[in-house]
Each structure stands twice: as structure tokens, then as C-alpha cells.
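Structural overview
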Amino acid sequence: MRALIHSTFGEASEVLEVAERPMPEPGAGEVRVRTVLAAIHNHDLWTIRGTYGFKPELPAASGTEAVGVVDALGAGVDSLQIGQRVVTGGTFGVWSEYFVTKAAGLIPVPDVISDETAAQLVAMPFSALSLLDFLEVESGDWIVQNTANGAVGKLVAQFATSRGVRVLGLVRRDAGVDELAALGIHDVVSTASADWRERAAVILAGDAPRAAVDSVGGSSAGDLLSLLGEGGTLVSFGAMDSGALKISSGDLIFKQATVKGFWGSKVSQTMDAAKRGALFGELIQRIGSGEVELPVEAVFPFEEARAAAAASAKPGRAGKVLLSF
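Residues numbered from 1 in each chain as written. Predicted model: local features only at pLDDT ≥ 70, side-chain atom pairs only at ≥ 80, totals over all residues. Heavy atoms only, no water.

Points about the sheet that holds strand β13 (residues 258–261)
Spatially, the 6 strands line up as an open sheet ordered β10-β9-β8-β11-β12-β13, and their pairing is parallel. Edge positions in the open sheet fall to β10 (188–190) and β13, since each of these has one partner strand only. Strand-to-strand, the axes of this sheet are offset by a mean angle of 20°, without reference to chain direction. Sheet strands in contact with helix α5 (residues 151–163) are β8 (142–145) and β9 (166–171), and its direction is about 170° off that of β8. Seen against the sheet, helix α8 (residues 219–227) touches β8, β9, β11 (211–214) and β12 (233–236) and runs at an angle of roughly 170° to β11. (Pairing = 2+ DSSP bridges. Helix = DSSP H or I, 4+ residues; strand = E, 2+ residues; numbered from the N terminus. Axes fitted to C-alpha atoms, helices over the stretch in contact; angles between N-to-C directions. Contact = heavy atoms within 4.5 Å.)

Below, the structure is given as C-alpha cells:
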């Protein structure tokens, strides 16, 4: 079979290459999946750069989320059938024509969900829903997030609405406000405007967010902390600009704020099985009904992975970039 690998760490648009690999065989409790479509996520690109929390040995496989068809069953697997459509959101090395993984980690895909949606069903949507659950907010509460026009930001806003949670979104381009409005996501402010704090105050109308989600780092984290109410929680979800958080000690002390980190894979690993099942049920119901959408920007043949990675890294995308196998 063929797979996408990299022999050095660097930009995916420069180091990814197609290589021949032995066809994997499933062991006990495992299945082999024929890959149909795979999503390109930021954490995949960071892993290829060598800057993520997980650093593979070189030459390294790539990719973590894909939809495919069960191709072979290992001993003791009776929960899945050959030919069944499944998705994984946490199997390293899925950017290949076939991959092997634990049967227990695969999620059967309902017929109402397309391949394009299924290919991005788990990592970002489940992270967004898990993040919302992690914030411990209730109906009527406010949260604030930056990169509101990012993939996770859009999903957080959509899931929050279904739970009655209000979301103040911050974007860095004025055009981002209109882009989100076209998707039905409102209460958004562009920090490119000099009066963005006043605009945010109008939206909040005297309320204060109970939690904030920072995906940028640097002074943007401090901006979010300044908006929090007393006893609020600032959650670091990503670091698009800076690996350091620049926050006010005064805000931290006098608001009695809490600062936490959120890493989806770790949260998922320690999550109670009943809660995980309930969140996945909510996820599939919201997406299957069309209440939450997962748009696709473009689909590239996996042989054009470098071009696909470059397209995924461009700002202002309307949806996810996928690889076809």
C-alpha cells in the first residue's frame, strides 16, 4: 500500500511524500480499514513540524482522523463487519490507503452522514463539545472565545446555542464578523476595531462571561481575561501566535480567576465512558439533523498532499481540507 510519510520535521507542504509500505494485518481486537477520506487538522501539521505534544520517530507516518470501510477483522472482533463504514479521530497514521486500529476505538457512521462530514466528525466536533462540557457552563451563562471564525470556534458557538449558552466571539478581521453572521453566528466583535471593547460591552449588556477560551496566546489571552467576571476561568486551547500567555496579574488576582489548559486527547482518555457516550450521541444527533454543519473547503488526492497542506494553512478557509485515497 501507499502512505504519506515525512523523513524530516518541517512544513507539511515541503516534507510530506508518498511511500510504499507493507500492507498491515490486524491483530486480536483490531480491524484493518480502507481509507476513503481523511481530514487535515492543525495538530497534524504541528506534529509534522515536530512542535506538538506527541513527537513521532522518523521516518514518520501522518494523519489522525479518517473515514473508511472495514476491510479485515482481527481475532475476537464481533462488533464490526467487513464493508461497514467507520470513523476514527485518534489513530496515528491514517494518511495511508489502509490502516489498522483497535476495533473499540472506531465509531460506526450512520447512513445520514456523508463521507465528507464523517471524515471530520470526531477530532474537531468532539473537541468542541468536550471543551464546552469542560467549561462547566449552564444555560443562560456567557462565554467568550477568540478565533471565533476558526473550525472549533464555529462549532463551540453552534453547540453552545443548542444548550442555551451565550457566546461572545472575537475575530481579528472585520470581514470575520460578516462571515460568521452568514452562518447564523452572531454576537461577534472584530478586535481590529479600536472600539471593540465598547462593542463587546454592548453585547454583554452588563453580564460577564464565566469562562473564556484562548486559541491565540500572547496578549490575546490577557484580552479575554479582562472580560471575565469574578471567579471566571480562562482556558488555553491553542497558541496560534505565541506559546506564552501575556496576562494581567491584577486581573488574575482581583477576579480570583483560574487558568487551565485543555488538550482534547487527554480529556477524552480520562473521560467517564458514560459521559463520552452521551457526548457522542449529542454530536451525531446535532450533525445528522443538520443543526451543526461541517463544511468542506476542498478535497485533494493524497498524492497532492503538499498542496493540500498549503491550502489548509491559508487563513479565511470556509471549511476543512480533506485528502482522498
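Let us keep going from here.
Digging into the packing of aromatic side chains
For the structure shown, the criterion picks out 7 aromatic pairs. Both rings, one in Trp46 and one in Tyr52, keep their centres 6.2 Å apart while their planes meet at 35°; by these two values the pair is tilted. Between Phe54 and Phe92, the ring centres sit 5.0 Å apart and the planes meet at 80°, which makes this aromatic pair edge-to-face. One end of the pair, Phe54, is in the loop between α2 (42–49) and β4 (66–73); the other, Phe92, is in the loop between β5 (85–88) and β6 (98–102), and 38 residues separate them in sequence. Of the aromatic side chains, those joined through ring pairs into one cluster are Trp46, Tyr52 and Trp263. Here Lys55 stacks its cationic end above the ring of Phe9, 5.0 Å away from the centre of that ring. The ring of Phe134 has Lys260 sitting right over it, with the charged end atom 5.3 Å from the ring centre. (Phe/Tyr/Trp six-rings, centres within 6.5 Å; stacked < 30°, edge-to-face > 60°. Lys NZ or Arg CZ within 6 Å of the ring centre and 35° of its normal.)

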